[in-house]
Amino acid sequence: MPKKNLSLNVRKLILALIIIDVIIAVVVLIRHDSRPAAPLETASAVPSETAAAIATPSSSAASSSYEALISPAYAGSSSKLSEPDNTTGFSSGWTVQTTDASVSSSLTFDTDAITISSPGTSFADTFLYRDGIPLEQGADYTLYFNISSTVNRRATVAVEDLSSGQVLFTQDLVLTGDRTYQELSFHQSSATTFNARIAFQIGNDGSSEVQGMHTITIDGIRLISSVRTEAIRVNQAGYPASEEKRCTFIYDAGDLFDVVNAETNEIVYSGAIVNQKQNDSTGEVNGWGDFSSVREPGTYYIRSQIGIVSPIFSISQDPYADLSAALLHLLSLQRCGMDTSGSWAGDLAHAICHMDQATLLYTDQTVDVSGGWHDAGDYGRYTKTGAKAASDLLLSWMLNPDLFHDASGSPESGNGIPDILDEARYELDWLLKMQDSSGGVYARVVSESYPGDTVRPEDDHLPLILMPAETTSTADAGAAYALASIAFRQIDPDYAAKCQSAAEKAFRYLEQNPETTITTNPEGYTAGLYLDSSDHDARFFLDIALWKATGNRSYLEAASAQYAADSACAQGASWKDNGAYGAFLFLASPEAETADAALYQNLLSSLTAQAERLSGISSDNGYNTALNEYSWGSNSLAAGDGTILAMAWSVTGNQKYRNAAMEQISYLLGRNSLNLCFVSTFGISSPAHLHSRLASSSGTILPGALAGGPDSSREDDVTQALSPDLPAAKVYADEYGAYSVNEAAIYYNSAFLFLLSQMR
């Protein structure tokens, strides 16, 4: 389907409705009405002193169970389990209220101390409380806490439904100087409420001891339900042990959270929930928790103070090895012009396809342009996105060759060449066919219209049309040629020389065509376009790549002149704006600063400025995503944002940029408002109905594919039928027909693979 860059059209969702949707786990809309992110499962009531197992969703840790987190041994301990690493941005949701008493309080993330100077006249008119607590009808609840007082006195715990005014539970307590562990249980027989209050009544109980100054201390407060409400978002594919780790809470879930070992049910870390505020993009009140100090490999889950939980997730040394292999393998499955009946293709195997010669538009000339990758859910092949994907693979290997091997299960595994280079070469061979004798590169090879949704590749016999060369496609392909000449220099010198010659021909073509040229589709064509209004960034990338490949200073001078004319040419890491690749390639070169000190400083400043902007956006929302709008292909944009942050970290060593880059990875792998790992067949919940003719015609799931992601512009019938109140970040549906949000694409996968290669 055609890709577009469209402006954000944010629609706010009424907060109360979002909270209701979240609590009942109807979070992600699908099939025109609703799509549950994860089934809500219940279990037997939690007894007052023992934990009851609660059903878990299917996962790699399916044998583990969620259990009540608090045990007398832990809650009654005289010392906290651990101090949080970071409470910046913490603000307690507990409040002390009084009518005529004189009190002061200190409310930290897990301890509330209230000093009473004068108790006032009424017992119930001074209390510590928290509102907005959801209680589900039929559920059993247990309230855990420790409490003490510097004088002997009385207190009462009360739970009230503020919506109806009904008192749901009360319990009188006798307080002493000893810190005592309390475990109070009640059953919610009344209707579900989303605005309950827990209150500790601590006013004047009439005793003489209370009349003098004294302090009441309450710590370790937790409310646990027998109903599992999965409303904490985590990286479902796993966290690297040594990296920053965060989770997101989708509404006010209390002041603290516990990280629990899913195998032993031991709390391994307790920390503060921070930065809670309204998020217009998600329609939620988001906060996050940081548990970076948890580094022991294993499986874990998170539970908040107000009893919601996360999916089970893992921590390991390298959680993204299998994911990276799957992202690469998807490109093999997209191969065109090849019989893919080998075991590596499985149910997605197909016979050789699209071997007819293509006719150059408005001519009788035919050209053999067989091969390459099918771009996305359709069978078109596009130079700009294909070159971008090939460049991602080449740079991934060039920068981190130790990550890639010759046994990933690709068609060429075992030939002595890293599989990632074999895959890049398959596309490069097609890109070389797309270059004409002038050095220009054809824009794309498509049909006049898309084939039917269930047409297999080998059955698509629509006439192939070759769109004329344009400067953007020429520059993009030229950069890929130049990178290939570097990557294959030691492996296949003849092929490297062929690629360098093609890159130099592209450069000369661009010299002769200084103005941007664009090839549009004729009237009546519905094939994809990928139009790009400026080629400055691609020319800059080509100039730098040729300098790197040849050492010829004239190419560096061309890049410097391009930057002087338009400094924006060094920005972006997408198919449309790819100048940051050139900037990074230069900055990462040991000889760069000596070769051109002024350009080095300019590009360093440019890359740092991009990273500062993105890290600023990332730090200002509960999911720590750098996206400030949700347009077509938003997930590839998130990967591109992460790439720029990773590049900036690589050349500056600034850990802030690395942390922000890791958060973009977590967003794509489940720490998002949809509770969805956007890579199919990974995580607890992932897309199963991607817009892919290959998968649709094969009747199976396309594995390892990064879905396009939310698009607030609603550019297909499915998303247009979703609730008009959906906020931007939730305009998504896991349906074949939702092509504007649920399509697979080669450059989505390659972008994510390149980002992962920089961070592993």
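Residues numbered from 1 in each chain as written. Predicted model: local features only at pLDDT ≥ 70, side-chain atom pairs only at ≥ 80, totals over all residues. Heavy atoms only, no water.

## Structural notes on the pairing of strand E5 (residues 126-135)
Next up, step 1: Most of E5 sits inside the fold, with eight of its 10 residues counted as buried.
Next up, step 2: Relative to E5, strand E2 (residues 95-98) runs antiparallel, the two being bridged by four bridges. Bridging across to E5, Thr95 finds its partner in Tyr129.
Next up, step 3: Looking at chain direction, E5 and strand E10 (residues 193-201) are connected through six bridges and run antiparallel. Bridged to Leu135 within E10 is Thr193. (Buried < 20%, exposed > 50% of the residue type's maximum accessible area, 1.4 Å probe, protein only. Helix = DSSP H or I, 4+ residues; strand = E, 2+ residues; numbered from the N terminus. Pairing = 2+ DSSP bridges.)

## What about the sheet that holds strand E25 (residues 465-469)?
Next up, step 1: Ordered by their spatial adjacency, five strands build an open sheet running E22-E21-E25-E24-E23, and the pairing between neighbours is mixed. Of all strands in the sheet, those with a lone pairing partner are strand E22 (366-367) and strand E23 (381-382), marking the two edges.
Next up, step 2: The pairing of strand E24 (residues 442-446) with E25 spans four bridges and is classified as antiparallel. Across the sheet, the residue bridging to Val445 is Leu466, located in E25.

## Notes on helix H14 (residues 655-668)
Next up, step 1: Taking 1.5 Å as the rise per residue, H14 with 14 residues should run 20 Å; its terminal C-alpha atoms sit 20 Å apart, in good agreement.
Next up, step 2: H14 sits mainly inside the fold: 12 of its 14 residues count as buried.
Next up, step 3: Buried residues in H14 make contact with strand E14 (239-240), strand E15 (246-249), helix H12 (597-618), helix H13 (634-652) and helix H18 (746-759).
Next up, step 4: Between the side-chain oxygen of the N-cap and the backbone nitrogen of Lys656 there are 2.9 Å, and the N-cap of H14 in question is Asn654.
Next up, step 5: Gly670 sits one or two residues past H14 and shows a positive phi near 130 degrees. (Expected span 1.5 Å × (residues − 1). Contact = heavy atoms within 4.5 Å. Polar contact = N/O pair within 3.5 Å; in protein donor to acceptor, adjacent residues only side chain to side chain.)

## Digging into the side chain of Asp255
Next up, step 1: With respect to the helices and strands, Asp255 occurs in the loop between E15 and strand E16 (256-261).
Next up, step 2: The exposure class assigned to Asp255 is buried, which follows from its relative accessible area of 1%.
Next up, step 3: Excluding its chain neighbours within four sequence positions, the residues that come into contact with Asp255 are Phe90, Ser91, Ser92, Gly93, Trp94, Thr108, Phe109, Arg130, Gly271, Ala272, Ile273 and Gln305.

## Some details on the confidence of the model for the chain
Low pLDDT means the predicted coordinates in that region are not meant to be read closely.
Next up, step 1: Residues at a pLDDT of 70 or more form 89% of the chain, whose mean pLDDT is 89.
Next up, step 2: Contacts from residues 1-82, a stretch scored under 50 in pLDDT, to residues over four places away or in other chains number 237 contacts. (pLDDT = per-residue confidence, 0-100.)

## With respect to the packing of helix H4 (residues 383-399) against helix H6 (residues 471-487)
Next up, step 1: Between H4 and H6, whose axes approach to 9 Å, the crossing angle comes to 25 degrees. It follows that H4 is roughly parallel to H6 by the angle criterion. Considering the relative orientation of H4 and H6, their crossing is left-handed. Of the residues in H6, those in contact with Thr383, Lys384, Ala387, Ser391, Leu394, Leu395, Trp397 and Met398 of H4 are Thr472, Ser473, Asp476, Ala477, Ala480, Leu483, Ala484, Ile486 and Ala487.
Next up, step 2: Per-class residue counts for the contact of H4 with H6 are 11 nonpolar, four polar and two charged. (Axes fitted to C-alpha atoms, helices over the stretch in contact; angles between N-to-C directions. Parallel < 35°, antiparallel > 145°, perpendicular 65-115°, else oblique. Left-handed = near helix turned anticlockwise from the far one by under 90°. Nonpolar A, V, L, I, M, F, W, Y, C, P; charged D, E, K, R; others polar.)

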